[in-house]
Structure formats: structure tokens, C-alpha cells
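Coordinates in review
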Amino acid sequence: MNHALTEKLARVEASETRLGGVRLDYMREMAALGSAVFERMEAFGALAHQAGALNPEQAAIIRFATLGAIQADDCGECVQIHVNLDRAAGTDPALLRLALARQPEKLPPHFALAWRFGQAVAQNADEMEELRQELEAVLGRAAMFELGFALACMRVYPTLKRATGYALSCAKVEIAA
């Protein structure tokens, strides 16, 4: 194995550790194939995970919106990564269980609104605009751009995985206490 590939695979392993142990076999294959998409996905990942200018409450609300969206787009690994990152950010596991069980009515009001908005955006649902207006009243206009960017970023991974055959099976999502 050449040095460049070894370095790339080490970066994949480091990402897997940072993301809570979820395997990134699609990244491993891109590295092995010498695909230029590997470097672009690494750069995209760094960009997608940059912290915006949000206060902790806004960040928590946005995490529930992106969780709602990723649940609409994916049924396994991407949701698991999101949950792992949410837990690392301090999100209450009981709240995550409610969201994963699709019980937003049992969530605190702002989290429920955000989760429903994320679902609506991912599904281009009729109630999306009404939910957006409600959420903007909570978050403020500037945070809505952060939210829109976060939602767009979340969709890249399941789309790439579906297009390359890496999203063929569902997996049970685990929530570490």
C-alpha cells in the first residue's frame, strides 16, 4: 500500500472514531480508488461541521431540525452519526429517543417545532413555510441561514451513499447514555 493511501485511510479511521465508531466504508473505497471525490468530501465535511455564530440554545434547536431531516433521508448510519454527535454536544438521550421514535409532541416546544421543520424541508411538505415562519420567530433570521446550510449539508451524505450503493440496508440506531 502506498504512503498516500495509508495516510488517507488513517484519516478515515480518525473520522470514524470522532463520529462514534460508525464505519465509513464509502470513504475507504474512494481512497482506495484514488477518487478526487475523497478530498472534496473531506473538505466538505470540515466545512459542514464548522461551528456557526449560534448561541447554545440556537445550536440545540438546529440539531433537532437536522435530526428530523436526516431521519427523512436515511435509516441508519447517517442517523447514527448525527445521534453520536448530538450526544457529544450534550443532548439529553431521552429527547433523542423521542425524536427517533417520531414523537415530537413529547419534545419541548422549540425542539418539536425544529424537528417537524426538518422533516418538512426534507419532504418538501406543504406545512414547511408555516413551520419556517414559526421557527424563524424563535431563532432569528441569521440563524435560519445557519439552519438552511446545516440541512443542506446533512443531505449530501445519504445522497452520495445511495448513488454508490452504500445505503442499501437500515440499521438500529443506538443512543449511548
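A short tour of the structure in this document, coming up. (Residues numbered from 1 in each chain as written. Predicted model: local features only at pLDDT ≥ 70, side-chain atom pairs only at ≥ 80, totals over all residues. Heavy atoms only, no water.)

Take the side chain of His82 next. Among the secondary structure elements, His82 is positioned in helix 5 (residues 77-88). Residue classification places His82 among the buried residues on the basis of a relative accessible area of 7%. Setting aside residues up to four positions removed in sequence, His82 forms contacts with Arg63, Thr66, Leu67, Ile70 and Met154. (Helix = DSSP H or I, 4+ residues; strand = E, 2+ residues; numbered from the N terminus. Buried < 20%, exposed > 50% of the residue type's maximum accessible area, 1.4 Å probe, protein only. Contact = heavy atoms within 4.5 Å.)

Every buried residue belonging to helix 2 (residues 25-33) is among Tyr26, Met27, Arg28, Met30 and Ala31, and all of these are buried. Contact partners of the buried residues in helix 2: helix 1 (3-18), helix 3 (36-48) and helix 9 (141-163).

Turning next to the packing of helix 3 against helix 9. Where helix 3 contacts helix 9, the two axes come as close as 10 Å, and the packing angle between them is 150 degrees. As the angle between them shows, helix 3 and helix 9 are arranged roughly antiparallel. By crossing handedness, the relation of helix 3 to helix 9 is classed as left-handed. The residues of helix 9 that touch helix 3, namely those facing Met41, Phe44, Gly45, Leu47 and Ala48, are Phe149, Cys153, Val156, Tyr157 and Leu160. Counted by class, the contact of helix 3 with helix 9 contains nine nonpolar, one polar and no charged residues. (Axes fitted to C-alpha atoms, helices over the stretch in contact; angles between N-to-C directions. Parallel < 35°, antiparallel > 145°, perpendicular 65-115°, else oblique. Left-handed = near helix turned anticlockwise from the far one by under 90°. Nonpolar A, V, L, I, M, F, W, Y, C, P; charged D, E, K, R; others polar.)

With that settled, the discussion passes to unusual backbone geometry. A positive phi angle is found at Arg102, which is not glycine, with a value near 60 degrees. Along the chain, Arg102 turns up in the loop between helix 6 (93-100) and helix 7 (109-123). Residue Arg102 is classed as partly exposed on the basis of its relative accessible area of 43%. For Asn124, which is not glycine, the phi dihedral falls at a positive 50 degrees. For Asn124, the location among the structural elements is in the loop between helix 7 and helix 8 (128-139). Judged by relative accessible area, Asn124 falls into the exposed class, the value being 58%.

In terms of nonpolar packing, the biggest core is built from 53 residues, with Met27, Leu107, Leu135, Leu139 and Leu147 touching the most fellow members. Setting aside anything within four residues of it in sequence, one finds Leu135 in contact with Ile61, Leu113, Ala114, Phe117, Gly140, Met144 and Leu147. (Core = buried A, V, L, I, M, F, W, Y, C linked by side-chain atoms within 4.5 Å.)

With that out of the way, let us pick up the environment of Arg141. Positionally, Arg141 belongs in helix 9. Ignoring anything within four residues of it in the chain, the contact list for Arg141 reads Arg132 and Glu136. Separated by 3.0 Å, the side chains of Arg141 and Glu136 make a polar contact. (Polar contact = N/O pair within 3.5 Å; in protein donor to acceptor, adjacent residues only side chain to side chain.)

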